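Descriptive analysis of the structure
Each chain is listed here by its residues.
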Amino acid sequence: MTEYYVCPGCALLCDDIEVEIEDGKVTKVNSACRKGVARMKGCSDPMECTVDDEKTDVDAAITKAADILREAKDPLIFGHGNSSSQAQQLSIDIAKRTGAYLDDTSSFCQGPIIEAILQDKLKTCTLDDIRHKADVIVFWGADPSNSHPRHLSRYSYFPRGNERQRGWEEDRTAIAIDIRKSDTAEICGQSNFYRIPMAADAEFMEALVSALSGKVPKTSFDFDKKKILQLANVLKKAKFGVICVGLGLVYSLDELEPLFILMDKLNEVSSFHLLPMVGQYNMRGFNQNLFDKTGYINRVKFDGEDNSVKHGADFSVIESLRNRSVDAALIIGSDPLSSLPLSVARYLAEIPLITIDPCRNLTATKSTVTIPCALSGVEAGGTAMRMDGVEVELKKVIDTDNLTDEEILRRIKEAI
Ligand code: SF4
């Protein structure tokens, strides 16, 4: 019987992946997209176990990591999007015990959308609902053809679903709203592509709400009113609509109010859902796990003494580094020195830094301690949460000599 695996290349967590293995390595990957194939084949530059740039064994590295976290007054723990839920839970436990700042990449990407969904302020649905029911799909500031390459083929546009038997040719309308003609917009077609100026998303939403209310839409930028009215008409007729929210939209909105108003209006006249286009495979899992324990999805600071928790922008990874309010950092499955603004991330190189990751990255090169871990979803199992909040079981594909991040964090927790 064919064995299928789950790809940890993005938060779609495709579960139909076949692999071929030779000499303990993944040599061929079937069904996955190019991103997934690269992820399943593993690191091109694996991490080594080091303390102060000297190679060492994992026991010594774990002892040193625990010493750093124990001695720190205000450590930062960051990353988590590429870790299993079990590892994330341990990370939360360590943050509690050490009075740490705890954050993840949702802090500067999809966080506000996920928070609103978890607080029941936005109506959402699963990817399976989209495959089986969605007839109008709006990609807003999103380009899944590149960010989540199998989104359209597995769920949102091309497949035939239970209630969408005639598929994309007759049964689905895909619409792109973006500042540029992305590859996804090309698939949607010129008549379903709405090019808006940069940072004009809130204003376009307002115009759309007017059109949905039967009023003449107004915009301060030059946009064909007729086209907005046509769009409103398509959205009104949707039986099961979904807006796939990309980073282009998230970054453009100063606050979510215009999106709340649009969703309320859409749900007055038809039925619309919202799906955050989460990137890292288990970012949503981290948000859910932290939410379950604290009521917050990110940007928290624990008090090591009484276990109270503070939350807010000051406790985000960016502000805590900008304000130099942390004095050590544990980075798990992330590369903040590459992904954060250098003016902020540079401070990481000035404090004791621990990196746990299967692959060497820029942050690792500046770390006091580096600990290689098994590649989650390939060399280790566990559970993770898809972008739609559905839990998925990851299967181990091949063995490795590296410990899992879960095991490393458990041992650090015990040693603190
Ligand atoms: S779409 Fe995402 S989960 Fe699916 S195969 Fe590609 S990278 Fe992997």
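No experiment lies behind these values; they were computed from the predicted model shown. (Residues numbered from 1 in each chain as written. Predicted model: local features only at pLDDT ≥ 70, side-chain atom pairs only at ≥ 80, totals over all residues.)

The number of helices and strands found in the protein chain is 19 helices and 18 strands. Its C-alpha radius of gyration of 22 Å places the protein chain within 12% of the 22 Å reference for a compact globule of 416 residues. With the principal axes as the frame, the protein chain shows a C-alpha extent of 65 × 55 × 30 Å. Counting the 416 residues in the protein chain, one finds 50% classified as buried. Considering only intrachain contacts with a sequence separation of at least 6, the fraction spanning at least 24 residues in the protein chain is 68%. (Helix = DSSP H or I, 4+ residues; strand = E, 2+ residues; numbered from the N terminus. Rg over C-alpha atoms; globule rule 2.2 N^0.38 Å. Buried ≥ 20, exposed ≤ 12 C-beta atoms within 10 Å, placed from the backbone. Contact = placed C-beta atoms within 7 Å.)

Before going further, it helps to spend a moment on the site of the ligand. Lining the immediate surroundings of the ligand are 13 residues, of which C7, G9, C10, C14 and G36 lie closest. Broken down by class, the residue content of the shell around the ligand amounts to eight nonpolar, three polar and two charged. (Near = placed C-beta within 6 Å. Nonpolar A, V, L, I, M, F, W, Y, C, P; charged D, E, K, R; others polar.)

Our focus in this paragraph is the domain arrangement of the protein chain. Interfaces are frequently sized by the accessible area removed from exposure as the parts join. In terms of domain boundaries, the protein chain breaks down into domain 1 (44-106 + 295-378 + 402-415) and domain 2 (111-276). Summarising the inter-unit geometry, the C-alpha centres of domain 1 and domain 2 are found 36 Å apart. (Domains from an automatic or database assignment.)

This paragraph deals with the nonpolar core. Residues A65, L208, C244 and V245 are the most contacted members of the largest nonpolar core, which totals 125 residues. Among the domains, domain 1 (44-106 + 295-378 + 402-415) and domain 2 (111-276) are the pair contributing at least three residues each to this core. The residues touching V245, leaving out its near neighbours within four places in the chain, are I113, W140, A142, V250, L274, L275, P276 and M277. (Core = buried A, V, L, I, M, F, W, Y, C linked by C-beta atoms within 7 Å.)

A positive phi angle, close to 50°, is found at D23, a residue other than glycine. In this fold, D23 is placed in the loop between β1 (18-22) and β2 (25-30). Phi at R299 is positive, roughly 50°, even though this residue is not glycine.

What follows covers the sheet that holds strand β15 (residues 353-357). Strand order in the open sheet made by the nine strands is β4-β3-β16-β15-β14-β5-β6-β12-β13, with mixed pairing throughout. The open sheet has two edge strands with one neighbour each: β4 (54-55) and β13 (309-311). Inspection of the sheet shows strand β14 (residues 328-332) paired to β15 by four bridges, in the parallel sense. Note on β15: the bridge partner recorded for L330 is I354. Sheet strands in contact with helix α3 (residues 85-98) are β5 (75-79), β6 (101-104), β12 (300-302) and β14, and its direction is about 165° off that of β5. (Pairing = 2+ DSSP bridges. Axes fitted to C-alpha atoms, helices over the stretch in contact; angles between N-to-C directions.)

With that out of the way, let us pick up the sheet that holds strand β7 (residues 136-140). The sheet built from five strands is open, its strands ordered β9-β8-β7-β10-β11 with parallel pairing. Each having just a single partner strand, β9 (193-195) and β11 (272-276) make up the two edges of the open sheet. Averaged over all neighbouring strand pairs, the angle between strand axes comes to 15°, with direction disregarded.

A few words now on the pairing of strand β16 (residues 369-372). The two faces of β16 match: V369 and I371 on one face and T370 and P372 on the other face are all buried. Here β15 runs beside β16; their pairing, made up of four bridges, is parallel. From the neighbouring strand, D357 faces β16, where its bridge partner is P372.

A large share of β15 lies buried, amounting to five of its five residues. Of the two faces of β15, the one lined by L353, T355 and D357 and the one lined by I354 and I356 are each fully buried.

Quick look at the packing of α3 against helix α14 (residues 283-294) now. Interhelical geometry of α3 versus α14 gives an angle of 45° and a closest axis separation of 10 Å. In terms of orientation, α3 lies oblique with respect to α14. For the element pair α3 and α14, the recorded crossing hand is right-handed. Facing S85, Q88, Q89 and I92 of α3, the residues of α14 in contact are G285, F286, N289, L290 and K293. Residues of the contact of α3 with α14, tallied by class, amount to three nonpolar, five polar and one charged. (Parallel < 35°, antiparallel > 145°, perpendicular 65-115°, else oblique. Left-handed = near helix turned anticlockwise from the far one by under 90°.)

A few words on helix α4 (residues 111-118). Within α4 the residues assigned to the buried category are G111, I113, I114 and I117. One side of α4 holds all its buried residues, which, seen down the axis, span an arc of 165°. Summarising the contacts, the buried residues of α4 are in contact with β10 (241-245), α12 (247-252), β11 and α14. (Arc of directions from axis to C-beta.)

The next point concerns helix α1 (residues 34-41). Given 3.6 residues to a turn, an α-helix orients residues that are three or four positions apart in the same direction. Listed as buried for α1 are G36, R39 and M40. Projected down its long axis, α1 shows its buried positions confined to an angular sector of 95°, all on one face. Backbone geometry just downstream of α1 places G42 in the positive-phi region, at approximately 90°.

Right, let's get into the packing of α3 against helix α19 (residues 405-415). When two helices pack together, their arrangement is given by the angle between their axes and by how far apart the axes lie. α19 packs onto α3 with a crossing angle of 20° between their chain directions and a minimal axis gap of 8 Å. Judged on the interaxial angle alone, α19 and α3 are roughly parallel. Handedness of the α3/α19 crossing: left-handed. Facing Q86, A87, L90, S91, D93, I94 and R97 of α3, the residues of α19 in contact are D405, E406, L409, R410, I412 and K413. In the contact of α3 with α19, the residues fall into five nonpolar, two polar and six charged.

This part takes up the environment of L394. Relative to the assigned elements, L394 resides in strand β18 (residues 391-394). Distance from L394 to N192, taken between C-alpha atoms, is 37 Å for residues 202 residues apart in sequence. Every residue in contact with L394, bar those within four places of it in the chain, is listed here: V6, P8, S84, S376, G377, G381, G382, T383 and A384.

Bringing the environment of K41 into the picture now. Tracing the backbone shows K41 in helix α1. Considered as a pair, K41 and K121 are 80 residues apart in the sequence and their alpha carbons are 39 Å apart.

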